[in-house]
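Listed below, chain by chain, are the residues.
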Amino acid sequence: MTLSDPPLSEVPSPGCPVAGMSATRTPTGDPAWLATGYHLVRELFAEPNLGRSHPNPETASRMGESAFFGGPVGNFASERADHLRMKSILQPHFSVRRMREFQPRVEAITARLLDEMAAQGSSADLHTALALPLPLLVICELLGVPYDDRDRFREWVTAVGDVRDRAKVEWGVAELFEYCRKSVERKRRDPGDDVTSRLCADPELTEEEIATFAMMLLFAGHETSVVHIGVGVLMLLADPELWRTLHDNPALLPSATEELLRACEPTNLPRYARTDLDIDGVRVAAGDLVLLGLTSANHDPTVFPEPSRVDFTRQQGTHFTFGYGARYCIGAPLARIELHTAFGQLVSRFPDMRLAVDKQTLIMRDDVFTGGLRTLPVRW
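This text gives an overview of the structure that appears in the document. (Residues numbered from 1 in each chain as written. Predicted model: local features only at pLDDT ≥ 70, side-chain atom pairs only at ≥ 80, totals over all residues. Heavy atoms only, no water.)

1. Focus on the pairing of strand E2 (residues 31-36)
Logical step 1: Buried residues dominate E2, accounting for five of its six residues.
Logical step 2: Relative to E2, strand E1 (residues 20-25) runs antiparallel, the two being bridged by six bridges. Pairing of Gly 20 across the sheet is with Thr 36, part of E2.
Logical step 3: Pairing analysis gives three bridges linking E2 to strand E8 (residues 289-292), with the strands arranged parallel. Bridging across to E8, Trp 33 finds its partner in Val 290. (Buried < 20%, exposed > 50% of the residue type's maximum accessible area, 1.4 Å probe, protein only. Helix = DSSP H or I, 4+ residues; strand = E, 2+ residues; numbered from the N terminus. Pairing = 2+ DSSP bridges.)

2. Some words on the state of the cysteines
In protein structure, a disulfide is the covalent linkage between the sulfur atoms of two cysteines.
Logical step 1: Tallying each qualifying case throughout the model produces zero disulfides.
Logical step 2: Cysteine Cys 200 remains unbridged, with the sulfur of Cys 180 as its closest cysteine sulfur at 11 Å.
Logical step 3: Cys 329 forms no disulfide, and the closest cysteine sulfur to it belongs to Cys 264, at a distance of 13 Å. (Disulfide = S-S within 2.5 Å.)

3. Things to note about the side chain of Glu 338
Logical step 1: Inspection of the secondary structure puts Glu 338 in helix H13 (residues 332-349).
Logical step 2: It is Arg 336 that comes nearest to the buried, bridge-free Glu 338 among opposite-charge side chains, at 11 Å.
Logical step 3: Apart from the residues within four sequence positions on either side, Glu 338 is in contact with Val 106, Leu 134, Pro 135, Val 138 and Ser 225. (Lys, Arg positive; Asp, Glu negative; His and termini not counted. Salt bridge = Lys/Arg side-chain N within 4 Å of Asp/Glu carboxyl O. Contact = heavy atoms within 4.5 Å.)

4. Concerning helix H9 (residues 207-238)
Logical step 1: Look at H9: 47 Å from first C-alpha to last across 32 residues, which is about the 46 Å you get at 1.5 Å a residue.
Logical step 2: With 24 of 32 residues buried, H9 is to be regarded as a mostly interior element. (Expected span 1.5 Å × (residues − 1).)

5. Quick word on helix H5 (residues 133-143)
Logical step 1: Of all the eleven residues making up H5, ten are buried; the element is thus mostly covered by neighbouring parts of the structure.
Logical step 2: All of the buried residues along H5 are Pro 133, Leu 134, Pro 135, Leu 136, Leu 137, Val 138, Ile 139, Cys 140, Leu 142 and Leu 143.
Logical step 3: Count one or two residues on from H5 and you reach Gly 144, which has phi positive near 75 degrees.

6. Comments concerning the sheet that holds E1
Logical step 1: Taken in spatial order, the five strands line up as E1-E2-E8-E5-E3 in an open sheet, and their pairing is mixed. The open sheet has two free edges, formed respectively by E1 and strand E3 (50-51), since each of these has just one partner strand.
Logical step 2: Bridging between strand E5 (residues 269-273) and E8 involves four bridges; their strand directions are antiparallel. Along E8, the bridge assignment pairs Leu 269 with Leu 292.
Logical step 3: Sheet contacts for helix H1 (residues 38-45): E1, E2, E3, E5 and E8; angle to E2, the most-contacted strand, approximately 115 degrees. (Axes fitted to C-alpha atoms, helices over the stretch in contact; angles between N-to-C directions.)

7. Remarks on the packing of aromatic side chains
Logical step 1: With the rule as written, the count across this model stands at ten aromatic pairs.
Logical step 2: Geometrically, the ring pair formed by Phe 45 and Tyr 324 is tilted, given 6.3 Å between the ring centres and 55 degrees between the ring planes. Of this pair, Phe 45 sits in helix H1 while Tyr 324 sits in the loop between helix H12 (294-298) and H13, and the two are 279 residues apart along the sequence.
Logical step 3: When its relative accessible area of 34% is taken as the criterion, Tyr 324 is described as partly exposed.
Logical step 4: In this arrangement the basic side chain of Arg 274 is found over the ring face of Phe 76, its NZ or CZ atom lying 4.1 Å from the centre. (Phe/Tyr/Trp six-rings, centres within 6.5 Å; stacked < 30°, edge-to-face > 60°. Lys NZ or Arg CZ within 6 Å of the ring centre and 35° of its normal.)

8. A few points about the sheet that holds strand E9 (residues 354-355)
Logical step 1: Here three strands make up an open sheet; going across it, the order is E4-E10-E9 and the pairing antiparallel. Across the chains shown, the open sheet's two edge strands, defined by having one partner strand only, are strand E4 (123-125) and E9.
Logical step 2: In the sheet, E9 pairs with strand E10 (residues 377-379) via two bridges, with the strands oriented antiparallel. Bridge pairing links Leu 355 to Val 378 in E10.

9. Examining the pattern of salt bridges
Proximity of charged atoms lets side chains of opposite charge pair with each other.
Logical step 1: Scanning the entire structure with this criterion turns up 25 salt bridges.
Logical step 2: Of the charged contacts, one joins Arg 314 and Glu 259 as a salt bridge, the two residues approaching to 3.0 Å between their closest N and O atoms. One end of the pair, Arg 314, is in the loop between H12 and H13; the other, Glu 259, is in helix H11 (residues 253-263), with 55 residues separating them in the sequence.
Logical step 3: The class for Arg 314 is buried, based on a relative accessible area of 12%.
Logical step 4: For Glu 259, a relative accessible area of 4% corresponds to the buried category.
Logical step 5: Residue Arg 374 is joined to Asp 367 by a salt bridge in which the shortest nitrogen-to-oxygen separation is 3.5 Å.
Logical step 6: The class of Arg 374 is partly exposed, set by a relative accessible area of 36%.
Logical step 7: Overlapping salt bridges bring together Glu 178, Arg 181, Glu 185 and Glu 207 as one network.

10. Looking at the packing of helix H2 (residues 79-90) against H9
Logical step 1: Where H2 meets H9, the closest approach of the two axes is 12 Å, and the angle between their N-to-C directions is 80 degrees. When the interaxial angle is binned, H2 and H9 end up roughly perpendicular. Each of Arg 85, Met 86, Ile 89 and Leu 90 in H2 lies in contact with H9, whose residues at this interface are Glu 209, Phe 213, Met 216 and Leu 217.
Logical step 2: In terms of residue class, the contact of H2 with H9 is made up of six nonpolar, no polar and two charged. (Parallel < 35°, antiparallel > 145°, perpendicular 65-115°, else oblique. Nonpolar A, V, L, I, M, F, W, Y, C, P; charged D, E, K, R; others polar.)

11. Considerations on unusual backbone geometry
Logical step 1: For Asp 280, which is not glycine, the phi torsion reads 55 degrees and is therefore positive.
Logical step 2: With respect to the helices and strands, Asp 280 occurs in the loop between strand E6 (277-279) and strand E7 (282-284).
Logical step 3: With phi around 50 degrees, Glu 306 is a residue other than glycine that occupies positive phi space.
Logical step 4: Structurally, the position occupied by Glu 306 is in the loop between H12 and H13.
Logical step 5: Note on Glu 306: relative accessible area 52%, which makes it exposed.

Shown next, in the form of structure tokens:
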């Protein structure tokens, strides 16, 4: 079967337990392959002939208009070397050790935000009170970016992730890059104790490279945490027993955080075949788009028994929400600390917190690649 063979199916439901390769179409109507099942997705994460770049990006299948995830990214000829170099430069700044040293600041920021929320009364929109500002404050401090500029770059970050409007995406990328370039200029003149300043001290990095890294970190360094805090808290509040369990057993916080990450529904990750491939008995032609079905993998019943049930004591399997292998997210240690801290302080300080509206009325974002909640009204 080839990618052009009819008929093309619709994208299977997120929790589809059937493992394998199926022909599908992306939201833009472009042809693609969808890989489902835990073991196949893990295998494809490690496949060296699947990448994020494309030899002809202007004609490649796309997921949407988003700059970083909508279509091909990077230089086809040098993608592997570029990725390894990027990780070698950035990963030390987000190592587990560094993030643990930074954890007291995350805890202090979280406590302050919850103090401010509690002072406003007995109800709030948890999205604007915690899920959004916490990751923003944290990444601003790490990068040495003024938090007072948050409204501006938050608008640009949202534009960069837009899945429908190409002109909006291009505007967001241009504005965000220029903002980061000016930040690099300031850090070269007046360095501080932050990641941008430390990158500026590397004589092998150009101003444009540092600005590009800063733009990527500013986008990825908070956007997914915003989503996971909101969705994670929603899962906890939707089942009061989960909230009580975490309140009564704070030692479960690390495993609960991992289980909430597994149980969420991350989007499909795009990859492009660099050569002709045979994947699970399907011929995938060079240049074809292959979608790694993370939700399917994270809900594979052969690895996670009763996958739809949130189980804080689950021991089986390792989720792919942060990727796998060489493509594992460098920001995972920071995201875990943010989520662990947010969930822990919420259940500790607000044991009676509950949803203020029917769960079915909550609106999920469908205009940006990362998704997430628009609001999360709560009361206590």
